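Observations on the model geometry
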Amino acid sequence: MPHLIDKTLPAFRTQGVTKVYGTGASTVHALRGVDVEIPAGELVVLLGASGSGKSTLLNILGGLDRATDGVVHFFADDLTAMSDRELTLYRRHHVGFVFQFYNLMPSLTAYENVELVTEIADNPLEPAEALALVGLEQRLDHFPAQMSGGEQQRVAIARAIAKRPTILFCDEPTGALDSHTGRAVLRVLQDVNRELGTTVLIITHAAATAKMADRVIDFADGGIREVVVNTTKLSAEDIQW
Ligand SMILES: Nc1ncnc2c1ncn2[C@@H]1O[C@H](COP(=O)(O)OP(=O)(O)OP(=O)(O)O)[C@@H](O)[C@H]1O
């Protein structure tokens, strides 16, 4: 699989992406023909009611799942034409994930949790450097149980960015956090986008998060209801919810 990235192309272009789960009476049409472009380098927020298809699209863009129909381009590469092996390489080289629950190894320190990834990546950040980027340079030797929820989520972000992904996907990254801590986590995601140039996609139920985005994609019933391109953006600390 070629890994040359043509910066003149959008990071993602989808055409007619559908996803159908199940068969017969239990069929669910999770995506009903999604056409969307995500320019490289943007911070994009996906909003929409529960069950509207946001996570399904994120999982398809992230190579965790496959579309039932339609085409997904990642720069010049067609993800929908890739073998399972190629999709694994795509995830390994280009994609970082952050989820609502941090999924850290409880028996490993913050440093060791990040090191698990850097040991198998090409040209990674040093674990200490990744942890410093999320403001945890003082917590390298702490175990998850010794850290707050917001700190654990920042370790999870450090782990995701340590392999220098092209894209960082975040599914409800502040869902388990109070608004003050959530803002600190959003600030880190904003810094990753600005300082590393990583394209960042955030799914959230906190609609105010849209104010820090370059682009807001509003989902409804398996499709895109509206895409708004913001002319001005707020800093994460100025967001209220
Ligand atoms: N593995 C699966 N098997 C069957 N149905 C599924 C599966 N995953 C998702 N669905 C269904 O697909 C639809 C879209 O789900 P999805 O998780 O993408 O929505 P969402 O917008 O991310 O929701 P939420 O905000 O609650 O996370 C829902 O009706 C859901 O029940």
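Quantities reported herein were computed from a predicted structural model and do not represent experimental measurements.

Attention shifts here to the overall build of the chain. Per the secondary structure count, the chain includes six helices and 10 strands. Relative to the 2.2 N^0.38 estimate, which gives 18 Å for 241 residues, the radius of gyration of the chain is 18 Å and therefore close to what a compact globule would have. Dimensions along the principal axes, computed over C-alpha positions, put the chain at roughly 50 × 40 × 40 Å. Here the chain holds 241 residues, and 39% of them are scored as buried. Excluding contacts between residues fewer than 6 apart, the proportion of contacts in the chain whose partners are at least 24 apart in sequence is 71%.

On to the site of the ligand. Residues in close proximity to the ligand total 13 residues, the closest being Tyr21, Ala30, Ser50, Ser55 and Thr56. Contributions of two or more residues to the shell around the ligand are made by β2 (28-38) and α1 (54-61). Broken down by element, the residue count for the shell around the ligand peaks at three residues, all from α1. Partitioning the shell around the ligand into residue classes produces four nonpolar, eight polar and one charged.

Our focus in this paragraph is unusual backbone geometry. Despite not being glycine, Phe75 has its phi angle at roughly 50°, a positive value. Positionally, Phe75 belongs in the loop between β4 (69-74) and β5 (77-78). Phi at Glu172 takes a positive value of approximately 55°, unusual for a residue other than glycine. Accessibility expressed as a C-beta count within 10 Å gives 18 for Glu172, which makes it partly exposed.

Bringing the environment of Gln190 into the picture now. With respect to the helices, strands and loops of the structure, Gln190 is situated in helix α6 (residues 179-196). Gln190 sits 10 residues away from Val200 along the chain, and the two C-alpha atoms are 8.4 Å apart. Residue contacts for Gln190: discarding those within four places in its chain leaves Leu43, Met212 and Ala236.

The next point concerns the environment of Leu131. Checked against the element boundaries, Leu131 lands in helix α4 (residues 127-133). Each C-alpha atom, one on Leu131 and one on Leu89, is 25 Å from the other, the two residues being 42 residues apart in sequence.

One open sheet accounts for six strands, arranged β6-β7-β8-β3-β9-β10; its pairing is mixed. The outermost strands of the open sheet, each flanked by one partner alone, are β6 (95-99) and β10 (223-229). Taking the axes of each pair of neighbouring strands and ignoring which way they run, one obtains an average angle of 15° across the sheet. Pairing geometry for strand β3 (residues 43-48) and strand β9 (residues 215-220), over five bridges, is parallel. By the bridge assignment for β9, Val45 is matched with Val216. The strands touched by α1 within the sheet are β3, β7 (167-171), β8 (199-203) and β9, with β8 carrying the most contacts at an inclination of about 155°. Where helix α5 (residues 149-161) meets the sheet, it contacts β6 and β7, and its direction lies at approximately 170° from that of β6.

Next up on the list: the nonpolar core. Among the nonpolar cores identified, the biggest contains 61 residues, and Leu46, Ile157, Ala158, Ile161, Leu168, Cys170 and Leu189 are the most heavily contacted of them. For this core, the element with the most residues is α5, which contributes six residues. Those residues within four positions of Leu168 in sequence are excluded, and the remaining contacts are Gly96, Val98, Ala160, Ile161, Val192, Thr198 and Val200.

Take the sheet that holds β4 next. Taken in spatial order, the four strands of this open sheet run β2-β1-β4-β5, and their pairing is antiparallel. Each edge of the sheet is formed by a strand with only one pairing partner; in this case those strands are β2 and β5. As paired strands, β4 and β5 are joined by two bridges and run antiparallel to one another. By the bridge assignment, His73 is partnered in β5 with Asp78.

Rules and cut-offs
- Residues numbered from 1 in each chain as written.
- Predicted model: local features only at pLDDT ≥ 70, side-chain atom pairs only at ≥ 80, totals over all residues.
- Helix = DSSP H or I, 4+ residues; strand = E, 2+ residues; numbered from the N terminus.
- Rg over C-alpha atoms; globule rule 2.2 N^0.38 Å.
- Buried ≥ 20, exposed ≤ 12 C-beta atoms within 10 Å, placed from the backbone.
- Contact = placed C-beta atoms within 7 Å.
- Near = placed C-beta within 6 Å.
- Nonpolar A, V, L, I, M, F, W, Y, C, P; charged D, E, K, R; others polar.
- Pairing = 2+ DSSP bridges.
- Axes fitted to C-alpha atoms, helices over the stretch in contact; angles between N-to-C directions.
- Core = buried A, V, L, I, M, F, W, Y, C linked by C-beta atoms within 7 Å.

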